[in-house]
Amino acid sequence: MKFFIDTADLAQIQEAHDLGILDGVTTNPSLMAKVGIKGTDAINAHYKAICDIVDGPVSAEVVSTTFAEMVEEGKKLAEIHPNIVVKVPMIKDGIKAIKWFTDNGIKTNCTLVFSAGQAILAAKAGATFVSPFIGRIDDGSWDGVQLIEQIVGIYNAQGYMTEVLAASIRNPLHIVRCAEAGADVCTCPLSSILGLLKHPLTDIGLQQFLNDAKVFQ
Ligand code: E4P
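It should be emphasised that the depicted structure is a prediction, and the values quoted were computed from it without experimental measurement.

### Thoughts on the environment of Ala-45
- Within the element layout of this structure, Ala-45 appears in helix H3 (residues 40-53).
- Sequence separation between Ala-45 and Ile-80 is 35 residues, and the spatial gap between their C-alpha atoms is 8.4 Å.

Written out as structure tokens, the structure is:
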């Protein structure tokens, strides 16, 4: 399973990259706003800065909602860097736009996916990635990981090439369960990635080894 970081914060992206396990980045308008990036020029420069840190897919989301506008916006985003993946919402015009991008060699990430039916449409349109939002599903007391399992099963049965990108990750257990469910990619906050490191027996064991090592020094 590939690891993407789900943030627009350059320091966090650099920290995850420095771990050596980072395969890509996802952003969305809320994450861009959170780091104070406003205006087309600043937004484009920020995507370029992310691409300069990470040599892998970087999702940049369109903020228009009609087919023609999404195509125009997506074309401009794709021109920023070869690693840009145009993130498109799961709406009727979004599906049309994904098909257009697919036919024109532009990679896409179909976002705001909450059902298997939506994931089938995204794959039929040729999306590079489909993003089921598992945390938001869990927030409503449904089971987000179950949706990942269902989509992975359908894509395998049908031979769809779209990669299942588990999004809206809330904790390290989500990452483990998405790996079990066969997700191709998990996009995570830095805190969830670092949370995978934690085990009290590791800390206790290391302390003991370091104490014992002092005897021989
Ligand atoms: C990523 O592609 C999504 O936009 C993101 O994971 C949504 O996460 P949230 O539900 O924590 O906002």
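### Notes on the packing of helix H4 (residues 67-80) against helix H5 (residues 92-103)
- Their axes nearest at 9 Å, the elements H4 and H5 cross at an angle of 40°. The angle between H4 and H5 places the two elements in the oblique class. Considering only the axes of H4 and H5, their crossing is right-handed. Contacts between H4 and H5 involve Phe-67, Met-70, Val-71 and Gly-74 from the former and Asp-93, Gly-94, Lys-96, Ala-97, Trp-100 and Phe-101 from the latter.
- Residue composition of the contact of H4 with H5, by class: 6 nonpolar, 2 polar and 2 charged.

### Focus on the nonpolar core
- Val-86, Ile-98, Ala-122, Val-130, Ile-148 and Ala-166 are the most contacted members of the largest nonpolar core, which has 55 residues in total.
- Those residues in contact with Ile-148, other than ones at most four positions away along the chain, are Pro-132, Ile-134, Val-164, Ala-166, Cys-178, Ala-181 and Ala-183.

### Focus on the pairing of strand E6 (residues 129-132)
- Neither face of E6 is open: one carries Phe-129 and Ser-131, the other Val-130 and Pro-132, and all of them are buried.
- In the sheet, strand E5 (residues 108-113) pairs with E6 via 3 bridges, with the strands oriented parallel. Bridge pairing in E6 links Asn-109 to Phe-129.
- You can see the chain leave E5, run along helix H6 (residues 116-124) and come back into E6, and the turn it takes is right-handed.
- Relative to strand E7 (residues 163-166), E6 runs parallel, the two sharing 2 bridges. Across the sheet, the residue bridging to Phe-129 is Glu-163, located in E7.

### Examining the pairing of E5
- Burial of E5 is extensive: 5 of the 6 residues sit out of reach of the surface.
- Here strand E4 (residues 84-89) runs beside E5; their pairing, made up of 4 bridges, is parallel. Bridge pairing in E5 places Val-88 opposite Cys-110.
- Running through H5, the crossover from E4 to the neighbouring parallel element E5 is right-handed.

### Describing the sheet that holds strand E1 (residues 2-6)
- Read around the barrel, 8 strands follow the order E1-E2-E3-E4-E5-E6-E7-E8 and close on themselves; strand pairing throughout is parallel. When the angles between neighbouring strand axes are averaged without regard to direction, this sheet yields 30°.
- Here strand E2 (residues 24-26) pairs with strand E3 (residues 58-61) via 2 bridges, running parallel. Each residue of the ladder has a partner; that of Thr-26, found in E3, is Ser-59.
- The strands that H3 touches are E2, E3 and E4; relative to E3, the one it contacts most, it runs at about 170°.

### Overview of the packing of helix H8 (residues 144-158) against helix H9 (residues 172-181)
- Remark: H8 packs on H9, axes separated minimally by 9 Å, with the N-to-C direction vectors making an angle of 20°. Between H8 and H9, the angle is such that the two are roughly parallel. Seen along the crossing, H8 lies across H9 with a hand that is right-handed. The residues of H9 that touch H8, namely those facing Val-145, Ile-148, Glu-149 and Val-152, are Arg-177, Cys-178 and Ala-181.
- Taken together, the residues of the contact of H8 with H9 sort by class into 5 nonpolar, no polar and 2 charged.

### Considerations on unusual backbone geometry
- Even without glycine at this site, Leu-112 takes up a positive phi of about 65°.
- Positionally, Leu-112 belongs in strand E5.
- Classification of Leu-112 as partly exposed rests on a count of 19 C-beta atoms within 10 Å.

### Notes on the environment of Asn-28
- Note that Asn-28 resides in the loop between E2 and helix H2 (29-34).
- For Asn-28 and Val-176, which are 148 residues apart along the polypeptide, the C-alpha to C-alpha distance reads 24 Å.
- In this structure, Asn-28 is in contact with Glu-61 and Lys-87, ignoring residues within four places of it in sequence.

Quick notes on the rules
Residues numbered from 1 in each chain as written. Predicted model: local features only at pLDDT ≥ 70, side-chain atom pairs only at ≥ 80, totals over all residues. Helix = DSSP H or I, 4+ residues; strand = E, 2+ residues; numbered from the N terminus. Axes fitted to C-alpha atoms, helices over the stretch in contact; angles between N-to-C directions. Parallel < 35°, antiparallel > 145°, perpendicular 65-115°, else oblique. Left-handed = near helix turned anticlockwise from the far one by under 90°. Contact = placed C-beta atoms within 7 Å. Nonpolar A, V, L, I, M, F, W, Y, C, P; charged D, E, K, R; others polar. Core = buried A, V, L, I, M, F, W, Y, C linked by C-beta atoms within 7 Å. Buried ≥ 20, exposed ≤ 12 C-beta atoms within 10 Å, placed from the backbone. Pairing = 2+ DSSP bridges. Right-handed = clockwise from strand over helix to strand, strands pointing away.

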